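Letter by letter, the chains look like this.
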Amino acid sequence: MRELTDDPLVLPTHTSPTPVGPTADPLTAVLRRGARQLLAQAIEAEVADFLHDRRAVLDEAGRRQVVRNGHLPERSVLTGLGPVPVKVPRVRDKRPAGERESFSSAILPPYLRKSKSIDELIPWLYLRGVSTGDFSDALTALLGPDAPGLSASSVTRLKSVWEEEYRQWSQCDLSTKRYVYLWADGVHFNVRLEEDRTCILVLMGATADGRKELIAVADGFRESEQSWYELLMNVKARGLSVDPNTAPKLAIADGALGFWAALPKVWPQANAQRCWVHKTANVLGKLPKRSQPAAKDALHQIWMAPTRNAANQAFDTFVETYTPKYPKAAACLTKDRTELLAFYDFPAEHWVHLRTTNPIESTFATVRLRTRKTKGCGSRTATLSMVFKLTLCAEKRWRKLNGHDLLPAVIAGLIFTDGTRSDTTAPTPQQHAA
């Protein structure tokens, strides 16, 4: 695991940050002037388009009714380059009150005082180990000595806001949601949680249009059925349907999770897919180091096989090869054979998303680097709200599923053989029961 100080956003803990201002850093000053010029040009273009679209609005004398009218007072916007002063053009609409339109820049909305990247920077810094007391020094080094409004006290206030946002989000209505796929995982952090609840349980889903969304975040025990059952019952209470016709088609998780014991109690119709990343680590852990590279390649041949038949052949080869000397490694793989190959019944375009819990792992990988200096986020609520806030930042960059146009066919129950769609429909849960 790399050290926290390798990350460009986090300051080394063994040195004191040196303030970097316009006079100490000519390059930053040049970049800031360039940013100001580009921002002004972009806003001018917005105004020009706004006026051009209303060029035909004339009075009886043929004079334009929507015209430029100077600038609004200059204000400073805090960006990743530090404070950037800007002036927004003022537009005057001479028409009667009921017909007037006001100009509002989409780039620089009214009352905006800092860019969205700064909103993301604060939780990232906090989660990655910069304590509240060190924020002033850290932000001065990153944004310059003139950066306003980001003191330790403002961070403390923001934490209270995030806790309220988390509380509201964790109670939001899910009755209009439909998730085709689910990912579940337990993420460990270096934090203080109540009653030794040392894990954050995370549930994500893929919507019918292919977007990935965070569904639930809670603290609990990774291997506990009860912890996962409480989480699933919470999303049910928030309105997420448990009807067989709208249940998730596939759930992806590590085989060691208590999630698998809880899932049938809420969505018994959901198919199970074991995470190949976790399974590979578990199998390799039962082999000596000298045998691990070859075994890893052999496992790779299974889950990267183009068809289920080819995967089964590679599976059998692995078992025959390692059973004589390493029966525990072979047994670890064999016991989840069906669940490891479940993805072959879904579109091939979706396989890259379905074989692992990577949508969760990739989001939270760097959060585990929470520094020992701050000894976690403190309270249980603070921890959950920080994880929630981090995920909201990451969610903006999550991409849609490959082949998301095939999701309606999955929802309709059409059969996919080796990732290719057929014209037949999968049996319904009622037909299975019969």
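See the structure printed just above.
Remember, predicted model here, so these are calculated numbers, not experimental data.

About the cut-offs
- Residues numbered from 1 in each chain as written.
- Predicted model: local features only at pLDDT ≥ 70, side-chain atom pairs only at ≥ 80, totals over all residues.
- Heavy atoms only, no water.
- Phe/Tyr/Trp six-rings, centres within 6.5 Å; stacked < 30°, edge-to-face > 60°.
- Buried < 20%, exposed > 50% of the residue type's maximum accessible area, 1.4 Å probe, protein only.
- Helix = DSSP H or I, 4+ residues; strand = E, 2+ residues; numbered from the N terminus.
- Polar contact = N/O pair within 3.5 Å; in protein donor to acceptor, adjacent residues only side chain to side chain.
- Contact = heavy atoms within 4.5 Å.
- Pairing = 2+ DSSP bridges.
- Right-handed = clockwise from strand over helix to strand, strands pointing away.
- Axes fitted to C-alpha atoms, helices over the stretch in contact; angles between N-to-C directions.
- Parallel < 35°, antiparallel > 145°, perpendicular 65-115°, else oblique.
- Left-handed = near helix turned anticlockwise from the far one by under 90°.
- Nonpolar A, V, L, I, M, F, W, Y, C, P; charged D, E, K, R; others polar.
- Expected span 1.5 Å × (residues − 1).
- Arc of directions from axis to C-beta.

Colleague: Even after reading the chapter, I still don't get the packing of aromatic side chains, so can you show me in this structure?
Modeller: Any aromatic ring pair is given by two values, namely how distant the centres are and how the planes are angled relative to each other. Enumeration over the complete set of coordinates arrives at twelve aromatic pairs. Consider the rings of Tyr322 and Tyr326, whose centres lie 6.5 Å apart with planes at 40°: the pair is tilted. Since its relative accessible area comes to 17%, Tyr326 is described here as buried. An aromatic cluster is defined as three or more aromatic residues linked by ring pairs; in this entry it consists of Tyr166, Trp169 and Phe388.

Colleague: Could you clarify how one ought to interpret the side chain of Gln65 in this entry?
Modeller: Locating Gln65 in the fold gives a position in the loop between α1 (26–53) and β1 (66–71). Within polar-contact distance, the side chain of Gln65 engages the side chain of Asp59 at 3.4 Å. When sequence neighbours within four positions are dropped, the list of residues in contact with Gln65 reads Val57, Leu58, Asp59, Arg92, Asp93, Lys94 and Arg95.

Colleague: Even after reading the chapter, I still don't get unusual backbone geometry, so can you show me in this structure?
Modeller: Most peptide bonds take the trans configuration, and most residues that are not glycine carry a negative phi. The phi dihedral of Asp418 falls on the positive side, at around 55°, and the residue is not glycine. For Asp418, a relative accessible area of 25% translates into the label partly exposed.

Colleague: It is not clear to me how the pairing of strand β9 (residues 271–274) should be interpreted in this structure. Could you clarify?
Modeller: Put simply, side chains in a regular strand alternate between the two faces of the sheet. When strand β8 (residues 250–253) meets β9, the two strands line up parallel, connected through four bridges. Along β9, the bridge assignment pairs Ile252 with Gln273. Once the chain exits β8 it traverses helix α6 (residues 259–266) before rejoining the sheet at β9, and the crossover so formed is right-handed.

Colleague: It is not clear to me how the packing of helix α7 (residues 276–284) against helix α8 (residues 292–303) should be interpreted in this structure. Could you clarify?
Modeller: Between two packed helices, the angle of one axis relative to the other and the distance separating the axes together describe the packing. Where α7 contacts α8, the axes come no closer than 10 Å and their chain directions differ by 150°. Looking at the two axes, α7 sits roughly antiparallel to α8. Considering how the two elements wind past one another, α7 and α8 form a crossing that is right-handed. Contact residues: α7 offers Trp276, Thr280, Val283 and Leu284, while α8 offers Gln292, Ala295, Lys296, Leu299, Ile302 and Trp303. Its residues placed into classes, the contact of α7 with α8 shows seven nonpolar, two polar and one charged.

Colleague: Mind showing me how you'd approach the environment of Ile302 here?
Modeller: Structurally, Ile302 can be placed in helix α8. The contacts of Ile302, once residues within four sequence positions are left out, are Trp276, Ala311, Ala314, Phe315, Phe318, Leu333, Leu341 and Tyr344.

Colleague: What is the right way to look at the environment of Tyr179 in this model?
Modeller: Topologically, Tyr179 is positioned in strand β5 (residues 179–187). Sequence-distant contacts of Tyr179, defined by excluding residues within four places in its chain, comprise Leu174, Gly205, Ala206, Thr207, Glu213, Ile215, Leu240, Ala247 and Pro248.

Colleague: Sorry, what's going on with the packing of α8 against helix α9 (residues 308–322) here?
Modeller: Viewed as axis vectors pointing N to C, α8 and α9 meet at an angle of 155°, and their least axial separation amounts to 7 Å. Taken together, α8 and α9 sit at an angle that is classed as roughly antiparallel. Note on element contacts: α9 touches α8 through Ala311, Ala314, Phe315, Phe318 and Tyr322, opposite Ala294, Ala295, Ala298, Leu299, Gln301 and Ile302. Per-class residue counts for the contact of α8 with α9 are ten nonpolar, one polar and no charged.

Colleague: Is there a simple way to think about the environment of Leu257 in this case?
Modeller: Within the secondary structure layout, Leu257 lies in the loop between β8 and α6. Judged by its relative accessible area of 5%, Leu257 falls in the buried class. For Leu257 and Ala184, which are 73 residues apart along the polypeptide, the C-alpha to C-alpha distance reads 8.6 Å. What Leu257 contacts, discounting residues up to four positions off in sequence, is Ala184, Asp185, Gly186, Arg222, Glu223 and Trp228.

Colleague: Can you help me understand α9 in this one?
Modeller: One full turn of an α-helix is made of 3.6 residues, so residues set three or four places apart face in the same direction. In a regular helix each residue adds 1.5 Å, so 15 residues correspond to 21 Å; α9 covers 21 Å between its end C-alpha atoms and thus fits that length. When we look at burial in α9, the residues that qualify are Ala311, Ala314, Phe315, Phe318 and Tyr322. One side of α9 carries all its buried residues, which in axial view fall inside an arc of 105°. Opposite its buried face, α9 presents the exposed residues Asn309 and Glu320, each directed more than 90 degrees away. Packing partners of the buried residues in α9 comprise α7, α8, α10 (327–334) and α11 (337–340).

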